[in-house]
Amino acid sequence: MSAPSAPTSRSAALPRDPLLGLPLRHTVRDAVARALRRAVASGALPAPDDAAALDALVAGIEVEIPGNRDHGDYASNIAMKGSKVLKRAPAQIAAAIAAELTAEASERMHGGGGALGPIAHAEVAGPGFLNLRLRAGLLADHLDAIVRAPLAWGHLAVAAGAPAYRVNIEFVSANPTGPLTIGNARGAFVGDLLSRVLEAAGQSVTREYYFNDFGEQVRRLGESVIALRNGVAVAENGYKGDYVGELAAAIPPDVAARAAAAPKRSGEIDVEGYDGTVADDEIAVIGRWASERIRAGIEASLAVLGVEFDVWRSEGSLYTEGFVDRAIGKLRDGNWLEEREGALWFKSTAFGDDKDRVIRKSSGAYTYFGSDLGYIVEKFSRGHDRLIYVWGQDHHGTVARLRNAGEALGFDKESVEMLLVAWVRFVRDGVEMSMSKRAGTFITLDELLEEIGVDAARWYFASRSATTAIDFDIEAAKAKSSDNPVYYAQYAHARMCSILRKASAESLAPATAIGSLLDDHTSPEAKLARAIVRLPEVVEDSSTHHETQGVTTYATELATAFSAFYRDAKVVDASAPERSAGRLRLVAAAAASLSAALRLLGISTPEEM
C-alpha cells in the first residue's frame, strides 16, 4: 500500500486582511517608534545634534517576546541602545517612551481620533528595558480575522516598496542511477520545506531538480544493465541491486535495437564532463534509457512525499542549449580565463581561492565545474533574483569557487547561496543502518515512507536545523503517542475539531466576534490567544534564517497552550451560552492556526483520530 500524499502549500491569490499579513511585532515596533519621536518632539527627550542619528535609532528598534511572559507580550531594549545618542540614562528614555505609549492609548480610547494603538500598558524594568502589554481588542481583532479567512493566515504580505524576490531552489538532484534512498531524504525535505516557508513569506519560488544524463555514472549504470542482460557478472565498480536486474529485463525493443546498431567503443573515454560531442555507443544508449526510467521513478517517489518540481533540468541541456558556451564567453570577455597546457582555467585565485579551477581539460572534456558555470547563467537568464542550492555537506569545497564564478559572470555574489545539509544516521533499535547504492544495500525512500508515513518523516526533518547532523530513530518516528510530537500536534487539532462538532450537536455555535473574552490578560483565553497570533512572526523568522524548526516549535507550543486552556476552561457549556460561544470562536481560531502551521510543513490535519 502506498503512503498517503502530503498536501501542498502552494496557493493562488489568497484573501488578504491587513491584520493577517503583518507580524504583530511590526505593529508594536511602529508604536514604539512613534512614541520615541513624540517624546523627542515634546521635549521629554533631547533632540540629537544630528537628525540622522534619530532616524538611525528609530530604524534600529527591536522588539522581542520576553522569556517570562508575566513581564509582558513584548520587550525592547531601545532605551539602552539610545542612551549615547539621546544623552540620557536608559531608565529615563524608557520612562519617556512608556509615557507616550500610555498617552496614545488613552487619548485614542477617549475620542482623540485615529486607530487605537496596539499597546495597552507599558512599564520600565531593570536598567531600562521597556515591557509592553498588547491591547486585548487587538488580539481579538486578529482572532476574528483568522476565523474569517483561515487559508490566508500564515501568509505574509510583502510590504510596500519591499522586494518580492524570485527565488530558485535546487534540491535533491541525486543522479538517476538508482532509486531515491533514505540517504537522499533530508535534502528533499529541507528543500521543499524551505520552498513552502519562502512562499508563505511572499516570495515567488521555483523548485528545481538538476540531474546528470551523461557522464561516468550513467555509463557505469549502462554497463551494469548490459552485463545482467547478457548474463554476466557486474563489474566491481558497477551498480548492483535488484533494480538493475529489473531494468535489464525491461529494455524496450526499440532501445535494444538502437543500442545494437550503435558502435562498440573500446578503450577508456574521459567522461567526467562528457559533453555529448562523441557519437553514442551501446553503453550510452542503454545508460541514458535506464537513467531516464530511474528519474521517472524518482519523480513518482517525491510526489508521494508531496514534493513536486517546477523544473527538471538535465546537465546535457546546458551544452546543447549553449549555456556553457555563453558562460565561457562572459568569463573570457572579463579576462577571467587562461589557457594552460591545453586546458581552460578559471582564475579563481583572483577571488581568494587557493588555486585556479579547470573548466575544460586538455582532453576536451568539460569538468563538472564547467557545467555549473553554464547552470548559473541559465538560471539567472530566467529572471531569478536569488539562487539557493541545497547540497550535502561534502560539497563544502565547491561553495567558494561557484560563488566566485557567479561574481565573475557579473551576478551579485550574495544572490548565490549554498545551504549545506548535514548527514543523517538512520538507526533502528540502536543500530546504524549502513547503505551503498552501488553495492545495492540501501533502503529506498518509498520503503521509509511505507513504514513511518509522510507526516512523521516531514516533522522529523523540519524540527531539526538542516546544518546539524542527526540520528533518525525509525521506531521513535513510528510511535503513535504523545511522546511523538507530530502525533501530539495532530491530536490537538483533532480535539479542536471534535469540540466544535460536539458544540454543533448541542446547538451551540461560535460567537460572531471574540468581543471582551480576552480582557483579563491572565485568563486561559488570553494566554491561548497570545500563542495563536505568533504564527506570522514564526514564518518571517523561518524565511529570514532559512530554517524551519521554528514552525514545528510553534505547532507544539500551540498544542500545549490549547491543552492548558481546555483543562482550565469549560468550552461546551449550555448553562453559559454567551461565554461558551466566545470560547468556541477562540477554539476555531486555534484550529485554523494549527492547521496553517501543519499545512506549511506539508503535514496532514486530521479532524478525527
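Here is a short report on the structure shown in this document. (Residues numbered from 1 in each chain as written. Predicted model: local features only at pLDDT ≥ 70, side-chain atom pairs only at ≥ 80, totals over all residues. Heavy atoms only, no water.)

**A word on the nonpolar core**
Within the largest apolar cluster, 148 residues are counted, with the highest numbers of intra-cluster contacts made by L36, L143 and L302. With near-sequence residues (within four places) excluded, L36 lies in contact with L45, L54, L57, V58, I61, L86 and I97. Counting residues in hydrophobic clusters, the runner-up holds 32 residues, among them L331, I376, Y389 and L420. (Core = buried A, V, L, I, M, F, W, Y, C linked by side-chain atoms within 4.5 Å. Buried < 20%, exposed > 50% of the residue type's maximum accessible area, 1.4 Å probe, protein only. Contact = heavy atoms within 4.5 Å.)

**Description of helix α1 (residues 24-42)**
An ideal rise of 1.5 Å per residue puts 27 Å on 19 residues; α1 measures up with 27 Å between its terminal C-alpha atoms. If you check which residues of α1 are buried, you get L24, R25, V28, A31, V32, A33, A35, L36, A39 and V40. At the C-terminal side of α1, G43 shows a positive phi close to 90°. (Helix = DSSP H or I, 4+ residues; strand = E, 2+ residues; numbered from the N terminus. Expected span 1.5 Å × (residues − 1).)

**Topic: the packing of helix α11 (residues 282-305) against helix α16 (residues 445-452)**
Packed helices, taken two at a time, are described by the angle between their axes plus the distance between the axes. It is the contact of α11 with α16, at a shortest axis distance of 10 Å, that shows an interaxial angle of 25°. If you check the angle between α11 and α16, you find them roughly parallel. In this structure, the crossing between α11 and α16 has a hand that is left-handed. Between α11 and α16, the residues in contact are S301, L302, V304 and L305 and L445, D446 and L449, respectively. For the contact of α11 with α16, a count of residues per class yields five nonpolar, one polar and one charged. (Axes fitted to C-alpha atoms, helices over the stretch in contact; angles between N-to-C directions. Parallel < 35°, antiparallel > 145°, perpendicular 65-115°, else oblique. Left-handed = near helix turned anticlockwise from the far one by under 90°. Nonpolar A, V, L, I, M, F, W, Y, C, P; charged D, E, K, R; others polar.)

**Remarks on the packing of aromatic side chains**
Any two aromatic rings considered together are summarised by their centre-to-centre distance and by the angle between their planes. Per the stated rule, a full pass over the model turns up 19 aromatic pairs. Judged by centre distance (4.6 Å) and plane angle (20°), the ring pair of F189 and F461 falls under stacked. One end of the pair, F189, is in helix α7 (residues 185-200); the other, F461, is in helix α17 (residues 454-462), and 272 residues separate them in sequence. Assigned by exposure class, F189 and F461 land together as buried. Their ring planes at 65° and their centres at 5.4 Å tell us that F309 and W312 sit as a pair that is edge-to-face. When the ring centre of F211 is taken as reference, the NZ or CZ atom of R295 above it lies at 5.9 Å. (Phe/Tyr/Trp six-rings, centres within 6.5 Å; stacked < 30°, edge-to-face > 60°. Lys NZ or Arg CZ within 6 Å of the ring centre and 35° of its normal.)

**Here we look at the sheet that holds strand β12 (residues 424-428)**
Strand order in the open sheet formed by three strands is β13-β12-β14, with mixed pairing between adjacent strands. Both edges of this open sheet fall to β13 (431-432) and β14 (470-473), since each of them pairs with a single strand only. As paired elements, β12 and β14 share four bridges and run parallel to each other. When the bridges of β14 are listed, V424 appears paired with I470. (Pairing = 2+ DSSP bridges.)

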